[in-house]
Amino acid sequence: MWEYTDKVKDHFLNPRNAGVIEDADGVGEVGSIACGDALTFYFKLDENGKIKDATFQTFGCASAIASSSALTEMVKGMTLEEAKSITNEDIAEYLGGLPKEKMHCSVMGRDALEKAIGCYLDEPEKKVEGEIVCECFGVTDREIERVVRENHVSTIEGVTDYVKAGGGCGNCHDRIQEIIDEILGTEKPALKKAPALTNLQKIKLIEESIEREINPTLKKDAGRMELIDVDGNRVLVRMGGSCASCAKSPVTLKHYVESKLRELVSPDLVVEEVQ
Amino acid sequence: MTVIYVDNNATTKVAPEVLEAMMPYFSDYYGNPSSMHSFGGNIAGAIKTARENIARLIGANPAEIVFTSCGTESDGTAIRAAIESYPDKRHIVTSRVEHPAIKNLYEILSKKGYRTSFVPVDGQGRLDMEYLFNSLSDDTAVVSLMWGNNETGVIFPIEEISREIKSQGILFHTDAVQAVGKIPLNISESGVDMLSLSGHKFHAPKGIGALYIRKGTKFFPFMVGGHQEDGRRGGTENTAAIIGLGKAAELASENLKADGYGRVSRLRDKLEHALLAKVPNAMVNGDTTSRLPNTTSIAFEYVEGEAILLMMNEHGICASSGSACTSGSLEPSHVLRAMGVPFTAAHGSIRFSLSHYNTEDEIDGIIETLPPIIARLRELSPFWKQAMEG
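What counts and how
- Residues numbered from 1 in each chain as written.
- Chains lettered and ligands numbered in written order.
- Predicted model: local features only at pLDDT ≥ 70, side-chain atom pairs only at ≥ 80, totals over all residues.
- Helix = DSSP H or I, 4+ residues; strand = E, 2+ residues; numbered from the N terminus.
- Contact = placed C-beta atoms within 7 Å.
- Domains from an automatic or database assignment.
- Nonpolar A, V, L, I, M, F, W, Y, C, P; charged D, E, K, R; others polar.
- Axes fitted to C-alpha atoms, helices over the stretch in contact; angles between N-to-C directions.
- Parallel < 35°, antiparallel > 145°, perpendicular 65-115°, else oblique.
- pLDDT = per-residue confidence, 0-100.

**What to know about the environment of S69 of chain A**
All names here are of chain A. Position of S69 among the secondary structure elements: in helix α2 (residues 62-75). Along the sequence, S69 and F12 sit 57 residues apart, while their C-alpha atoms lie 7.7 Å from each other. The contacts of S69, once residues within four sequence positions are left out, are H11, P15, R16, N17 and F56.

**Regarding the domain arrangement of chain A**
Residues and elements named next belong to chain A. Partitioning chain A into domains gives domain 1 (6-120), domain 2 (132-184) and domain 3 (199-273). Here the C-alpha centre of domain 2 lies 23 Å away from the C-alpha centre of domain 1. Between domain 1 and domain 2, the residue contacts involve 8 residues of the former and 7 residues of the latter. Examining the composition of the side of domain 1 that touches domain 2, we find that 3 residues originate from one element, helix α5 (residues 103-120), more than from any other. Looking at the side of domain 1 that touches domain 2 residue by residue, the classes come out as 3 nonpolar, 2 polar and 3 charged.

**Let's talk about the packing of helix α6 (residues 141-150) of chain A against helix α7 (residues 156-163) of chain A**
For any two helices packed against each other, the geometry comes down to the angle between their axes and how far apart the axes lie. All names here are of chain A. Where α6 meets α7, the axes come as close as 10 Å, and the angle between the chain directions of the two elements is 105°. Put simply, α6 runs roughly perpendicular to α7. From α6, E143, I144 and V147 reach across to α7, where they touch V159, Y162 and V163. A breakdown of the residues in the contact of α6 with α7 according to their chemical character gives 5 nonpolar, no polar and 1 charged.

**Remarks on the confidence of the model for chain B**
Considering every residue of chain B, the mean pLDDT works out to 95; 98% of them sit at 70 or more. Here the complex is predicted with pTM 0.81, and the ipTM for its interfaces comes to 0.88.

**Re the interface of chain A and chain B**
Contacts between the two partners involve 28 residues from chain A, matched on the other side by 23 residues from chain B. Elements that contribute at least two residues to the side of chain A that touches chain B include exactly α1 (6-13), β2 (37-45), β3 (51-59), α2 and α10 (249-264) of chain A. Here the side of chain A that touches chain B gets 5 residues from one element, more than from any other, and that element is α10 of chain A. Here the side of chain A that touches chain B is built from residues that sort into 13 nonpolar, 11 polar and 4 charged.

In structure tokens form, the structure reads like this:
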């Protein structure tokens with residue numbers, strides 16, 4: 001169960017300002033039903049240009065509803081300039097904090113507010129800026145860059161908590177890491193390839209792998225295997241015990257021994273049986 | 001506040017009879033069943049009775065029962081034993097709606113180079129048999145399919161499937177954690193080679209499970225140690241829990257002989273019918289013709305599950321949800337996604353799972369409390385009005 005603050009619970013169970021303003025000055029819609037949460041935020045200005053009324057409609061979990069409710073309370077009485085400066089951290093703080101996995105709810109609040117102000121100022125709806133990085137949740141590189149910069153997020157999980165990117169299939173994790181590295185200036189030099197094994201090291205490693213990994217397994221079926229020679233990437237072995245007479249030993253050799261040696265020593269190895 | 005507990009697929013109350021049976025094994029009878037003195041050794045007799053009770057519940061031979069710590073251990077032991085027994089076979093089969101104990105293990109094995117088939121289900125959660133049987137080959141080491149689904153309650157025809165798979169000489173495991181104790185099982189007449197069960201799903205305590213291993217099945221222990229469980233699972237027996245599991249099995253057997261889950265399923269049906277009648281845009285997830293008697297998964301469109309749960313929580317009602325937000329992941333449950341439940345419904349799916357301890361009054365309480373909660377959340381939701389206006 002999530003640890004929600006009393007304030008989150010209060011705003012969830014007794015949401016303030018839920019509903020629609022029919023003649024709103026600004027409306028901002030974010031999220032979608034597929035993503036699991038969505039918010040429509042409305043505001044109305046008074047004659048002095050201050051926010052007189054603000055309401056919301058939210059589909060989502062407790063923290064999404066609470067963040068929306070909090071936002072409407074926070075902006076009342078503000079000028080649009082003041083409202084613009086509200087960050088997602090401000091919303092979370094107003095609620096006494098949110099579980100980190102739920103920070104995206106506060107981001108949703110800020111985004112809806114920005115959109116609603118943009119709508120009032122008649123700014124053309126910002127096109128989706130940047131390139132979509134996370135296909136599952138439709139998150140762009142710009143959005144990811146923004147949370148890394150503004151929320152001091154430095155891990156993929158952090159990015160997921162704030163903007164959901166990377167929370168689905170996980171295919172974009174490498175790209176998210178690249179963005180984080182670029183911004184934090186910690187771009188790691190490409191990993192150097194493991195130095196090629198010397199012949200001596202290779203033979204030793206093959207021998208060890210056979211003794212430690214392969215023979216104990218073969219032994220369960222009363223079989224064993226002996227290393228005869230290593231010629232470049234050809235590993236010559238002799239099958240013993242029950243393997244010597246087993247019809248399946250060529251299968252064992254290819255499927256098990258070879259893949260094990262490729263995993264443990266070098267991917268280029270080819271195992272051959274000699275009499 | 002009184003609690004209305006309808007989350008019995010998550011865990012159940014320990015039956016008072018079970019607790020009573022266990023208590024002496026925490027205090028007076030603390031000996032080690034492996035000891036040579038009768039103070040400890042006598043306890044082996046009580047464990048034997050517990051083993052017989054479990055065997056009777058599923059129609060097995062006592063020697064085919066190995067006690068484990070939980071369903072997850074039983075599942076992991078079964079699959080790892082299967083692939084160790086057939087090291088040349090590199091293909092493993094399961095379904096797309098399994099419990100994480102199987103699902104995540106298969107995903108790890110897949111990364112280790114095993115060819116893995118995840119058999120799909122249809123919109124009602126029924127297994128695609130053609131896909132299953134077409135996926136089998138000489139290279140298949142093991143097939144693992146759950147008996148009853150934890151989220152929807154949908155029952156796979158395990159007896160029929162297992163006989164077909166057995167006839168092809170392939171090892172068959174079933175995760176019967178949700179089925180054991182709720183529906184009559186006769187394992188010896190099926191083609192099941194291994195079966196996992198978990199005590200706390202049928203009124204035994206947490207931390208005790210069992211694995212059925214058909215006589216003659218090749219086996220490698222997962223926990224290697226002493227000679228306990230005939231060398232099939234090392235480690236000193238969790239005596240009190242084993243006694244509790246045995247008692248719970250005895251109670252379940254008696255119950256299945258009597259009314260079984262008749263009363264529970266009538267309460268479940270009452271709940272389901274009333275909610276569907278009172279709440280518009282609600283639907284049942286899964287095949288209602290072949291389902292565990294205690295389970296219903298209901299999707300309430302255009303609202304989100306965590307919000308429903310927390311509002312029910314305010315009224316002491318304990319259920320669970322397949323929504324994304326409850327699990328910390330961002331996507332709804334893999335079971336509902338595999339069934340192709342639309343997002344509008346998947347996020348608002350609630351599972352009610354009943355037990356013998358539920359009363360008619362409790363069910364009436366839920367029927368009264370839940371519809372206004374859904375209505376209130378829909379009032380808050382931007383999609384509800386849109387959907388109603390078409």
